[in-house]
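As a plain string of letters, each chain reads:
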Amino acid sequence: QVQLVESGGGLVQPGGSLGLSCAASGFTFSTNTMYWYRQAPGKEREFVASITSAGGSTNYADSVKGRFTISRDNAKSTVYLQMNSLKPEDTAVHYCRTWVGRQRWGQGTQVTVSS
């Protein structure tokens, strides 16, 4: 079955960096556009970044542009999110998403930015 498993979250100080991974299985990863979303407490889930199947095109939310980088390794069926210059407002559960017949989500990984 389709599985998306995020990892790499944690606690980091403002201005710090963190790298997230999302390991995918159960579908042909190399043909799917992959997405990162996040949900802060009391807020709706929001788009963070996306990357097309071959990695040729990326897209970012304005709030993370210039600070976050999405990438993928199709040989490892993994999508990454490198987060730099983190701010307290980046605190959220971060989710990996794709479409296989319907929307598919991972379980999420918590990112907390605090001093």
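Residues numbered from 1 in each chain as written. Predicted model: local features only at pLDDT ≥ 70, side-chain atom pairs only at ≥ 80, totals over all residues. Heavy atoms only, no water.

Draft legend 1. Up close: the pattern of salt bridges. Following the criterion strictly, the structure yields four salt bridges and no others. A salt bridge links Glu46 to Arg38; its shortest N-O distance comes to 2.7 Å. The closest approach of N and O atoms between Asp90 and Arg67, which form a salt bridge, is 2.8 Å. With Asp90 in the loop between strand 8 (78-83) and strand 9 (92-99) and Arg67 in the loop between strand 6 (58-60) and strand 7 (68-73), this residue pair connects regions lying 23 residues apart in the sequence. Considered together, Asp90 and Arg67 belong to a single accessibility category, that of buried residues. Linked through salt bridges whose partners overlap, the residues forming this network are Arg38, Glu46, Arg67 and Asp90. (Salt bridge = Lys/Arg side-chain N within 4 Å of Asp/Glu carboxyl O. Helix = DSSP H or I, 4+ residues; strand = E, 2+ residues; numbered from the N terminus. Buried < 20%, exposed > 50% of the residue type's maximum accessible area, 1.4 Å probe, protein only.)

Draft legend 2. Looking closely at the state of the cysteines. All told, the structure shown has one disulfide when counted by the stated rule. A sulfur-sulfur distance of 2.2 Å marks the disulfide that ties Cys22 to Cys96. Handedness here is read from the sign of the S-S torsion; for Cys22 and Cys96, about -80°, the answer is left-handed. Here Cys22, found in strand 3 (residues 18-25), pairs with Cys96, found in strand 9; they are 74 residues apart in sequence, far enough to count as distant. (Disulfide = S-S within 2.5 Å.)

Draft legend 3. Up close: the sheet that holds strand 7. With respect to topology, four strands assemble into an open sheet ordered 1-3-8-7, the strand pairing being antiparallel. Only two strands of the sheet have a single neighbouring strand rather than two, namely strand 1 (3-7) and strand 7. Pairwise comparison of adjacent strand axes, ignoring direction, gives a mean angle of 15° for this sheet. Here five bridges tie strand 1 to strand 3, and the two strands are oriented antiparallel to one another. Along strand 3, the bridge assignment pairs Glu6 with Cys22. (Pairing = 2+ DSSP bridges. Axes fitted to C-alpha atoms, helices over the stretch in contact; angles between N-to-C directions.)

Draft legend 4. Main features of the pairing of strand 5 (residues 46-51). Sheet analysis places strand 4 (residues 34-39) next to strand 5, joined by five bridges and oriented antiparallel. Bridging from a neighbouring strand, Tyr35 pairs with Ser50 of strand 5. The hairpin formed by strand 4 and strand 5 contains six residues between the paired strands, and Gly42 there has a positive phi angle of roughly 75°. Bridge count between strand 5 and strand 6: three bridges; the pairing is antiparallel. Bridge pairing in strand 6 links Ser50 to Asn59. Linking strand 5 to strand 6, which pair antiparallel, is a turn of six residues; within it Gly55 sits at a positive phi near 80°.

Draft legend 5. Expanded view of the environment of Tyr37. Position of Tyr37 among the secondary structure elements: in strand 4. A relative accessible area of 16% means that Tyr37 is categorised as buried. It is 13 Å that separates the C-alpha atoms of Tyr37 and Gly9, two residues lying 28 residues apart in sequence. Among residues more than four places away in sequence, those in contact with Tyr37 are Arg45, Glu46, Phe47, Val48, Val93, His94, Tyr95, Arg97 and Trp105. Looking at Tyr37, its side chain comes within polar contact range of the side chain of Arg97, at 2.9 Å. (Contact = heavy atoms within 4.5 Å. Polar contact = N/O pair within 3.5 Å; in protein donor to acceptor, adjacent residues only side chain to side chain.)

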